[in-house]
Structure formats: structure tokens, C-alpha cells
Amino acid sequence: MTSRRRIALAASLFIASAQGAPIDHPLTADIYRELVRFQSSERGKPFDEATWGTAGLLTRLLVDPGSPYSDVVDTPSFTNETWWPAFTQRVGSHLPNAFAGTLATLRWQTGLTKARPDIDLAVTAADTVAFGGREAAANAKKADLSPAIFRQARLRHPSRPTAAAREAVAMQLLREQMKQVPREQWEAMAIRKDVARRYMSDDIDYLAATSDRAYLMSILHMAIRTGSMSISPEGTQRLPAALRVARAAAAYKDALGYFGGPYCTDSKPSTGRPIDSSAFDHNSPLCFVAATDRAVHHWYRHEARLEASGRPLHENNHDGWNTLSRWINGFMGLIEIATLTEFSEALAAEALDAEEAAASTGAPAPRRLAPLICGVRRP
């Protein structure tokens with residue numbers, strides 16, 4: 001059995017430092033967590049959930065927090081406060097523009113960016129062919145999926161976008177680890193080339209190899225729990241793993257096509273489609289490329305639940321399926337965590353609680369992270 005500890009070690013070493021040309025979200029630190037820590041350590045301010053909790057932060061960062069298509073506030077109010085320049089210098093002193101780089105990275109990590117073709121990212125004619133459509137290509141590229149892995153997961157799950165998305169991102173994470181970690185360390189890090197080879201093969205019977213799927217889900221599970229954001233060879237920070245999965249699922253949904261008309265027209269919601277919070281009603285698809293990553297993840301959470309509930313109970317009753325089910329159940333608990341922000345909010349607040357408790361009474365700190373991972377068994 002593959003050690004979860006070794007997988008965790010591989011995941012932790014997989015986060016690299018950015019190199020090369022300047023990019024629009026250049027920092028690799030968890031900006032939200034650093035911001036909360038800065039408020040406490042430098043300003044002596046206790047964690048204020050109304051201001052710096054997820055809901056409070058989104059109110060300050062988004063023009064219309066209730067809309068899946070909201071634009072960002074150009075200059076959030078907190079950037080005009082006297083402490084902001086000191087904070088940006090602390091986390092981004094090496095940047096030509098620490099103010100812009102810090103704010104852009106915060107938006108990226110909290111899932112406030114979009115995937116509009118040729119606005120937010122480049123989509124070529126070759127991309128459109130490779131991923132089965134222009135919008136599908138934009139979402140797949142935002143998830144940093146290779147065309148080969150995208151196609152392979154789609155072949156294995158032709159009508160199940162969220163299942164395909166989970167396997168595709170897990171397989172991509174494995175490929176990324178294989179490229180970054182020296183070969184002689186693969187065994188110690190539980191990096192298995194044999195799983196990658198079998199997954200990318202043409203063997204139809206491979207679908208029964210639930211042990212390989214469980215291994216892939218363990219990689220994804222760990223990446224989401226750690227908030228892992230790896231760095232591409234071009235030096236750009238990839239999305240947090242949970243948001244990569246959501247964008248991948250949107251790509252598969254777009255590639256399937258829609259009855260009753262498109263959801264997007266010129267990278268905007270089509271006429272007649274709701275643009276407020278009612279867009280989430282009845283779990284309808286969104287114009288995914290125009291939606292924020294957070295909004296796409298909101299859709300994904302419900303789509304994944306519906307997809308999982310429709311799986312025939314008699315599909316496989318063998319021990320292998322029972323093992324895989326435990327991993328999937330754990331993952332389904334994790335998808336309730338919207339983005340890195342929620343994890344960071346709990347971790348940062350929990351750390352501050354622990355420091356305050358140790359400094360005063362020595363009493364144990366409350367566990368703020370527990371509700372976020374309720375139902376998820378710790379490795």
C-alpha cells in the first residue's frame with residue numbers, strides 16, 4: 001500500500017519558487033494567510049472574521065459578490081490604509097510593483113479571476129481543436145491540463161465531467177511531479193510512473209484498476225488539503241488544486257455541448273441567461289469562461305454531488321471499489337471547501353488562537369479547521 005505520508009512529502013516539495021519573466025500574479029506565498037498574520041504580528045489586531053473572514057474579504061474585493069460574473073474592485077478600500085504599503089513590501093519587496101503584484105496574487109489565489117479567451121488567457125486555433133471547442137480550451141488551459149491527459153480522461157468518462165476532471169487533474173499533478181522530482185527520489189516520494197503509463201494506455205480493461213484510481217485520488221486529495229499551488233515551467237503560479245478541478249470539469253461540460261442554446265456569446269453570458277445569484281439555480285451550467293474561479297467551483301460542487309449520486313450501486317462491489325469509495329468520499333468532503341481562502345482563514349486564525357492561548361492560559365486553542373474538513377479522515 002502506498003504511504004500517504006510519502007505522498008504528502010511529495011506534495012510539499014512540489015511547491016516551487018517562480019523564476020523567469022514577470023507575471024501578473026507573481027508571488028508564491030499564501031497571501032491571505034500572510035495578511036492575517038501581518039494584522040496580528042505587526043498591527044496587534046486580533047482576527048476579525050467580519051472584516052477578514054472569507055465573506056468580508058470578498059465584499060471588499062468584488063463589485064457584486066453575489067454574481068458569478070462579478071468584476072473585481074480596482075482599488076479595494078484596504079489598499080488605501082496606512083499599513084498596506086508595509087505589507088506589500090514584506091511579501092513582495094523583490095517585485096518591480098509590490099502593490100500590484102500582491103493584490104493580483106491575492107485575487108488569483110482566492111479564485112476571483114476568469115478564463116475569457118484572448119482576454120484572460122490566449123487560446124489558439126490548435127487549442128480549440130485539441131480540447132473540443134474554444135471555451136472548453138480556455139477552461140482546460142486555466143486548469144493547466146495537457147491535451148493528451150484531457151482526451152484520456154474524457155475517453156474514460158465521456159459523460160461524467162466531474163469524474164473526468166478529478167482524474168485529469170490528478171494525472172496532471174503526477175506528471176508534474178515526475179518532471180520536477182529527480183528520478184532517484186520517485187520511490188521515496190511515492191511517485192509511480194507505472195500508474196501514469198497504465199492510465200495513458202489504450203487498455204479498456206484498465207477501467208477496473210481501482211487501486212490506480214485510488215492512488216490518483218490520494219494525490220489530488222493531498223494537493224487540495226495542502227492548498228498546493230505548483231509553478232509551471234514558464235514561471236506562472238497554477239491555480240489551487242480545487243479550482244483546477246472545477247475549471248477542468250467546466251471544460252468537459254463545455255466540450256459536451258448544450259441542448260437549448262449556448263450559455264456564452266462572445267465570452268459573455270448569452271442574452272436571457274441570468275447574471276445574478278439566480279444563475280446557480282437548478283444547478284444550471286454557467287458561461288464558465290466569464291465566471292470567476294470561485295463561481296465555477298460553486299457549480300462544480302453541486303454537479304459533483306449530482307454525478308456521484310447517479311452512480312449505480314451495483315457497479316462494483318469488490319474490495320477495490322470499497323477502497324476507492326473511501327477516497328472519493330473523503331474528496332467529496334474536501335470539495336465543500338470553496339478555495340484556498342477558506343483553508344487559509346481557518347489555518348491562520350487557528351494559529352493565532354494557539355499563540356494567544358499559549359501566551360495567556362496555556363489552554364488548548366479551538367479547532368477552526370475542523371468544520372472545513374468535517375467527514376474527511378486525516379491520513
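This write-up is about the structure you can find in this document.

Quick notes on the rules
Residues numbered from 1 in each chain as written. Predicted model: local features only at pLDDT ≥ 70, side-chain atom pairs only at ≥ 80, totals over all residues. Heavy atoms only, no water. Core = buried A, V, L, I, M, F, W, Y, C linked by side-chain atoms within 4.5 Å. Buried < 20%, exposed > 50% of the residue type's maximum accessible area, 1.4 Å probe, protein only. Helix = DSSP H or I, 4+ residues; strand = E, 2+ residues; numbered from the N terminus. Disulfide = S-S within 2.5 Å. Axes fitted to C-alpha atoms, helices over the stretch in contact; angles between N-to-C directions. Parallel < 35°, antiparallel > 145°, perpendicular 65-115°, else oblique. Contact = heavy atoms within 4.5 Å. Phe/Tyr/Trp six-rings, centres within 6.5 Å; stacked < 30°, edge-to-face > 60°. Lys NZ or Arg CZ within 6 Å of the ring centre and 35° of its normal.

Attention shifts here to the nonpolar core. In a soluble, globular protein the nonpolar side chains are often hidden away together inside. Judged by nonpolar contacts, the single largest core of 60 residues is most densely connected at Phe 150, Leu 174, Leu 216, Leu 220 and Leu 286. Among the elements of the structure, helix H8 (134-142), helix H9 (147-156), helix H10 (161-180), helix H11 (193-199), helix H12 (210-226), helix H13 (241-256) and helix H14 (293-309) are those that each provide at least two residues to this core. Of all the elements, H13 adds the most residues to this core, at 10 residues. Leu 61, Phe 78, Trp 83 and Leu 112 belong to the second largest nonpolar core, which has 20 residues in total.

Applying the stated rule across the entire model yields one disulfide. Residue Cys 264 pairs covalently with Cys 287 via a disulfide, S to S 1.9 Å. In this structure the cystine formed by Cys 264 and Cys 287 twists about its S-S bond by roughly 115 degrees; its chirality is therefore right-handed. Residue Cys 264 is located in strand S1 (residues 264-265), and its partner Cys 287 is located in the loop between strand S2 (268-269) and H14; the two are separated by 23 residues in the primary sequence. Classification of Cys 287 by relative accessible area gives buried; the value is 0%.

Here we come to the packing of H13 against H14. H14 packs onto H13 with a crossing angle of 75 degrees between their chain directions and a minimal axis gap of 8 Å. The angle between H13 and H14 falls in the class roughly perpendicular. Facing Ala 242, Leu 243, Val 245, Ala 246, Arg 247, Ala 249, Ala 250 and Lys 253 of H13, the residues of H14 in contact are Asp 293, Val 296, His 297, Trp 299, Tyr 300 and Glu 303.

This next bit is on the packing of aromatic side chains. Scanning the entire structure with this criterion turns up 12 aromatic pairs. Considering the side-chain rings of Phe 78 and Trp 83, the 6.4 Å spacing of their centres and the 15 degrees angle between planes classify their relative orientation as stacked. Residue classification places Trp 83 among the buried residues on the basis of a relative accessible area of 5%. Grouping aromatic residues by their ring pairs yields a cluster made of Phe 38, Phe 78, Trp 83, Trp 84, Phe 87 and Phe 99. In this structure, Arg 156 packs its charged tip against the face of Tyr 199, placed 5.0 Å from the ring centre. Here the basic side chain of Arg 273 rests over the ring of Tyr 263, its NZ or CZ set 3.8 Å away from the ring centre.

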